[in-house]
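Chain residues, written in single-letter form:
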Amino acid sequence: NRLELCKRAAATTLLDRHATTFEERVKMVTEITNGRGVDLAVEAAGTVEAFSEGPSYVRIGGAYAVAGIAEPRELVPFDVFRDVARKNLHMQGVWVSDTIHLRQSLSLVHRDPEGFAALVTHSVHLHEDTLAMATVANRQAMKGVIITEGVHSQLPTDDLIGHHLRQTCSSIQP
């Protein structure tokens, strides 16, 4: 469950999109931030609903990173004046990365391989790549790993994925 992983990553407040209304979430964020709004909101869910909500949580002069929309989606009604201009919102899309980003990412994984292993919910052999893609597309997997060699299990344990991450990270100097 994504919310449980957020707790494990030291999140102090969790808002369940499926258990609250948009209005309740806005009210919670407003209360938690003493009426300001958050400094930074990150859309990582990959849904237009999550994208549409993001600017509502951000303070004036805050930032909004859009990392989850990694493929074309339907058009989103967006109030540019209210959500961007009036707030002086800094919005940044995140899609194409430079090689330095790979190094930075692997450095983070190297610091906590077990934490990142918890993100992997499914693993498959290379010949099952179509199944892996379908599992992610249907939102059954949080993150999938395609294993090209070694031990395979239907649902990997933290030890198996941690082993693969440690093996990968050990060859990279952060």
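Refer to the structure printed above.
Attention in this report is confined to the structure presented alongside it. (Residues numbered from 1 in each chain as written. Predicted model: local features only at pLDDT ≥ 70, side-chain atom pairs only at ≥ 80, totals over all residues. Heavy atoms only, no water.)

## What to know about the pattern of salt bridges
Applying the stated criterion across every chain, the model contains six salt bridges. The partner of glutamate 4 in a salt bridge is lysine 7, with the nearest N and O atoms 3.6 Å apart. Placement of the pair is glutamate 4 and lysine 7 together in helix H1 (residues 2–8), with a separation of three residues, close to one helical turn. Given a relative accessible area of 45%, glutamate 4 falls into the partly exposed group. Among the residues examined, lysine 7 registers a relative accessible area of 47% and is labelled partly exposed. With its nearest N and O atoms 2.5 Å apart, the salt bridge here joins arginine 59 to aspartate 39. Of this pair, arginine 59 sits in strand E2 (residues 58–66) while aspartate 39 sits in strand E1 (residues 38–43); the two residues are 20 residues apart in sequence, bridging distant segments of the chain. (Salt bridge = Lys/Arg side-chain N within 4 Å of Asp/Glu carboxyl O. Helix = DSSP H or I, 4+ residues; strand = E, 2+ residues; numbered from the N terminus. Buried < 20%, exposed > 50% of the residue type's maximum accessible area, 1.4 Å probe, protein only.)

## Digging into a positive patch on the surface
Residues Arg2, Arg17, Arg139 and Lys143 make up a contiguous surface patch of positive charge. Inspection of the secondary structure puts arginine 17 in the loop between H1 and helix H2 (22–32). Arginine 17 sits in the partly exposed class, given a relative accessible area of 33%. (Patch = residues over 30% accessible without salt bridge, like charges linked within 9 Å, V, L, I, M, F, W, Y side chains within 5 Å. Areas by Shrake-Rupley, 256 points an atom, 1.4 Å probe, with all protein chains shown as cover. Lys, Arg positive; Asp, Glu negative; His and termini not counted. Charge placed at Lys NZ, Arg CZ, Asp CG, Glu CD.)

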